[in-house]
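Coordinate inspection notes
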Amino acid sequence: MWNEIGRLKQKLITQFADRNTKIISPKNCQSVEMYFNFEKMEKTIGRVAEKIPEVGETVSGLLVKKAFTYQIMALDDLHVFSQLSTTNISQRITIAYTGAFGVLKHRLKQIFESVESLPDEESEGRAFGVHERLTVKYESEKHISLHWSSDPISDMVSDSVVALVLNIGREIPKVAVESKEATKTEEENNYKAEKVIHALLVSLFGENGKLVISVDGNVAHLDKQSGNVESENESLKERVRVAFQRI
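Not measured: the values here are computed from a predicted model.

**Digging into the packing of aromatic side chains**
The tally for this structure, following the rule as stated, stands at 2 aromatic pairs. Judged by centre distance (5.8 Å) and plane angle (75 degrees), the rings of Phe 101 and Tyr 138 are edge-to-face. Separated by 37 residues along the polypeptide, Phe 101 in helix H3 (residues 101–109) and Tyr 138 in strand E7 (residues 134–138) bring together distant segments of the chain. Following the ring pairs from residue to residue traces out a cluster consisting of Phe 101, Phe 128 and Tyr 138. One residue, Arg 126, lies across the ring of Tyr 138, its end atom 3.9 Å from the ring centre.

**Side note on the sheet that holds strand E4 (residues 90–96)**
Remark on secondary structure: sheet strands pair via backbone hydrogen bonds, oriented parallel or antiparallel. Ordered in space as E4-E8-E7-E6-E5, the 5 strands form an open sheet in which the pairing is antiparallel. Because the sheet does not close on itself, it has two edges, and the strands there are E4 and strand E5 (115–118). Taken over all neighbouring pairs, the strand axes of this sheet differ in orientation by 25 degrees on average, direction set aside. Note that E4 and strand E8 (residues 143–149) share 7 bridges and pair antiparallel. Considered in E8, the bridge of Ser 90 is made with Ser 149. Sheet contacts for H3: E5, strand E6 (127–130), E7 and E8; angle to E6, the most-contacted strand, approximately 15 degrees.

**A short note on unusual backbone geometry**
In this structure, His 131 takes a positive phi of about 55 degrees despite not being glycine. For His 131, the location among the structural elements is in the loop between E6 and E7.

**Topic: the nonpolar core**
Inside soluble globular proteins, nonpolar side chains tend to come together where they are buried. In terms of nonpolar packing, the biggest core is built from 21 residues, with Leu 104, Leu 108, Val 136 and Val 161 touching the most fellow members. Contributions of two or more residues to this core are made by H3, E6, E7, E8 and helix H4 (152–205). It is H4 that contributes the most residues to this core, 6 residues altogether. Ignoring sequence-local partners within four residues, the contact set of Leu 104 consists of Tyr 97, Phe 128, Val 136, Ile 144, Val 165 and Ile 168. Ile 213, Val 215, Ala 220 and Leu 222 belong to the second largest nonpolar core, which has 8 residues in total.

**Describing the sheet that holds strand E10 (residues 218–222)**
Reading across from one edge, E9-E10-E11 is the order of the 3 strands in this open sheet, with antiparallel pairing throughout. Single-partner strands in this sheet number two, and they are strand E9 (212–215) and strand E11 (229–231). This sheet shows a mean twist of 20 degrees between the axes of neighbouring strands, independent of strand direction. For E10 and E11, the ladder comprises 3 bridges, and the chain directions are antiparallel. Counterpart to His 221 in the pairing with E11 is Glu 230.

**A closer look at a nonpolar patch on the surface**
A contiguous nonpolar surface patch, about 460 Å² in accessible area, is contributed by Ile 24, Val 32, Met 34 and Phe 36. By the secondary structure assignment, Met 34 is in the loop between helix H1 (2–15) and strand E1 (42–44). Assessed through its relative accessible area of 59%, Met 34 is described here as exposed.

The rules we used
Residues numbered from 1 in each chain as written. Predicted model: local features only at pLDDT ≥ 70, side-chain atom pairs only at ≥ 80, totals over all residues. Heavy atoms only, no water. Phe/Tyr/Trp six-rings, centres within 6.5 Å; stacked < 30°, edge-to-face > 60°. Helix = DSSP H or I, 4+ residues; strand = E, 2+ residues; numbered from the N terminus. Lys NZ or Arg CZ within 6 Å of the ring centre and 35° of its normal. Pairing = 2+ DSSP bridges. Axes fitted to C-alpha atoms, helices over the stretch in contact; angles between N-to-C directions. Contact = heavy atoms within 4.5 Å. Core = buried A, V, L, I, M, F, W, Y, C linked by side-chain atoms within 4.5 Å. Buried < 20%, exposed > 50% of the residue type's maximum accessible area, 1.4 Å probe, protein only. Patch = residues over 30% accessible without salt bridge, like charges linked within 9 Å, V, L, I, M, F, W, Y side chains within 5 Å. Areas by Shrake-Rupley, 256 points an atom, 1.4 Å probe, with all protein chains shown as cover. Salt bridge = Lys/Arg side-chain N within 4 Å of Asp/Glu carboxyl O.

Here you go:
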């Protein structure tokens, strides 16, 4: 067995004698350490290679590996120098939104630095772009639509806008409910105040259920909304007016 390995070693030494080749035949279970110096080299082709970069200048492009070679090329040259091709994915999403379109634009301006109005005939001119990556269009009183070309940054912007629109949509019903509750509470308070005023006036002037005050044959009419008092008797008129103001 060792004779065959020895003959193989001699044959290899003879075959690669003109090269700087070292052939070893370690014993069984003997550790062997080998060091390789490997450098990767990339070649620029196509439009990227049209201009010789300066020292320290950054070269941007697509790094394509084919077998053991690496090439840097422009995106538009990908289909020319390889069998690969590129495509653009245009995305569109429609979201329910019943709020004011101007409010949405104002809220987006608070988050994004660039929110510009865009002319659009289909949306009656009501459209705006966000950082030139996403377009928000007014579709109807109940819907808006978002349009963008898919890439990591544009997808992130669209996710942020969708989250904001949904958040505003949740706030609108809450504001409406609070407004209705506030109106209802105000009406109840006014009704209670009218009852208190009526009861006090009745206790003061002895009238049974009407804001018509009669004292010693003199009659005064009190407007419970404005507080105006009408009476031919100036003394009674002043008494009713002062009493209503104190109430």
